[in-house]
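# Remarks on the overall topology
As a plain string of letters, each chain reads:
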Amino acid sequence: MVRIRVLVVDDHRIFAESLAAALAAEPDVDVSAAGSGPAALRCLERAASEGRRFDVLLVDADLGSSMPGARPAVSVRDGNEERLVDGISLVTGVRSAQPGVRTVVLAEKDDPQRAALALQAGASGWVAKDCSLSRLLTVIRGVLRDETHLPPALLTGVLRELTAARKHRTESERLVESLTPREREVLRCMVAGLGRKAVAERLFLSPHTVRTHMQNVLGKLGVHSTLAAVALARRAGVGPVDLGPGGRMGTEETNSA
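Residues numbered from 1 in each chain as written. Predicted model: local features only at pLDDT ≥ 70, side-chain atom pairs only at ≥ 80, totals over all residues. Heavy atoms only, no water.

### Concerning unusual backbone geometry
Look at Asp146: it is not a glycine, yet its phi comes out positive at around 65°. Along the chain, the position of Asp146 falls in the loop between α5 (133-143) and α6 (155-177). Look at Asp146 and you get exposed, because its relative accessible area is 57%. (Helix = DSSP H or I, 4+ residues; strand = E, 2+ residues; numbered from the N terminus. Buried < 20%, exposed > 50% of the residue type's maximum accessible area, 1.4 Å probe, protein only.)

Here is the structure:
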């Protein structure tokens, strides 16, 4: 019998334990639980190193919302585990770290906008927390066949959100294409979080020249801040400049930022 390895990720202990116990009663399911995003990533890494990867993650959409100071929609790639509190952000990190793992988001309520964000992040399904066990098992087995599962009531709203996001991305791509090659280099440095001084050292330019390029980037993108420029760049698919080994700047460059 081929067994399905499932990891439940939820910081509500009673719910997580109850769901894990119900799934464990199935003859073809092995289940574990994690109480946070960082704990889930550690479980994934440990399982992979031991040659027993998980097949499916069931992730609480509101993961971390009950934790003091929790902040939603923080990217796993920021490299700060303590900030990893949002379920959809965890989906993004899992897709990056272990793309073969399927993720299903468990939600308290239907929310077309968040469901669309989950699908864009790499989730294969969005399921109500109060659905039946048989329904959840159907979804688990379905996503392993590369199916996408959404509640029927969400389909129209999710399609509308995805269409709007695609249009928004197209507009962002058009604006980025208006930049010169040098301005795109500067934008990628901005996406990487480099300050003006660090950009100048990296591109062998004067700080004054970099300032001019940054002002031109903001003007052409039609935004008024670096944060807004970075958000638009992300929508257009612009990634950060390579910061060297390990994805980090050297000490000198870090200090100059």
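From this point, things continue past the structure.
### So, the packing of aromatic side chains
Within the structure shown, the criterion is met by zero aromatic pairs. Above the plane of the ring of Phe54 lies Arg5, whose end atom (NZ or CZ) is 4.2 Å from the centre. Residue placement shows Lys129 over the ring face of Phe15; its charged tip is 4.5 Å from the ring centre. (Phe/Tyr/Trp six-rings, centres within 6.5 Å; stacked < 30°, edge-to-face > 60°. Lys NZ or Arg CZ within 6 Å of the ring centre and 35° of its normal.)

### Things to note about the confidence of the model for the protein
It should be kept in mind that the predicted coordinates are not to be read in detail where pLDDT is low. When pLDDT is averaged across the protein, the result is 81; 84% of the residues are at 70 or more. Per-element confidence in the protein ranges from a low mean pLDDT of 33 for helix α11 (residues 251-256) to a high of 95 for strand β1 (residues 4-9). (pLDDT = per-residue confidence, 0-100.)

### Comments concerning the sheet that holds β1
The strand order β2-β1-β3-β4-β5 describes an open sheet built from five strands, whose pairing is parallel. Two strands close off the open sheet at either side, each with one partner strand: β2 (29-34) and β5 (125-128). The average angle at which neighbouring strand axes cross in this sheet is 25°, direction not considered. In the sheet, strand β3 (residues 56-60) pairs with strand β4 (residues 102-107) via five bridges, with the strands oriented parallel. Looking at β4, one finds that Val56 is bridged to Arg102. Relative to the sheet, helix α3 (residues 87-97) contacts β1, β3 and β4, its axis offset from that of β3 by approximately 155°. (Pairing = 2+ DSSP bridges. Axes fitted to C-alpha atoms, helices over the stretch in contact; angles between N-to-C directions. Contact = heavy atoms within 4.5 Å.)

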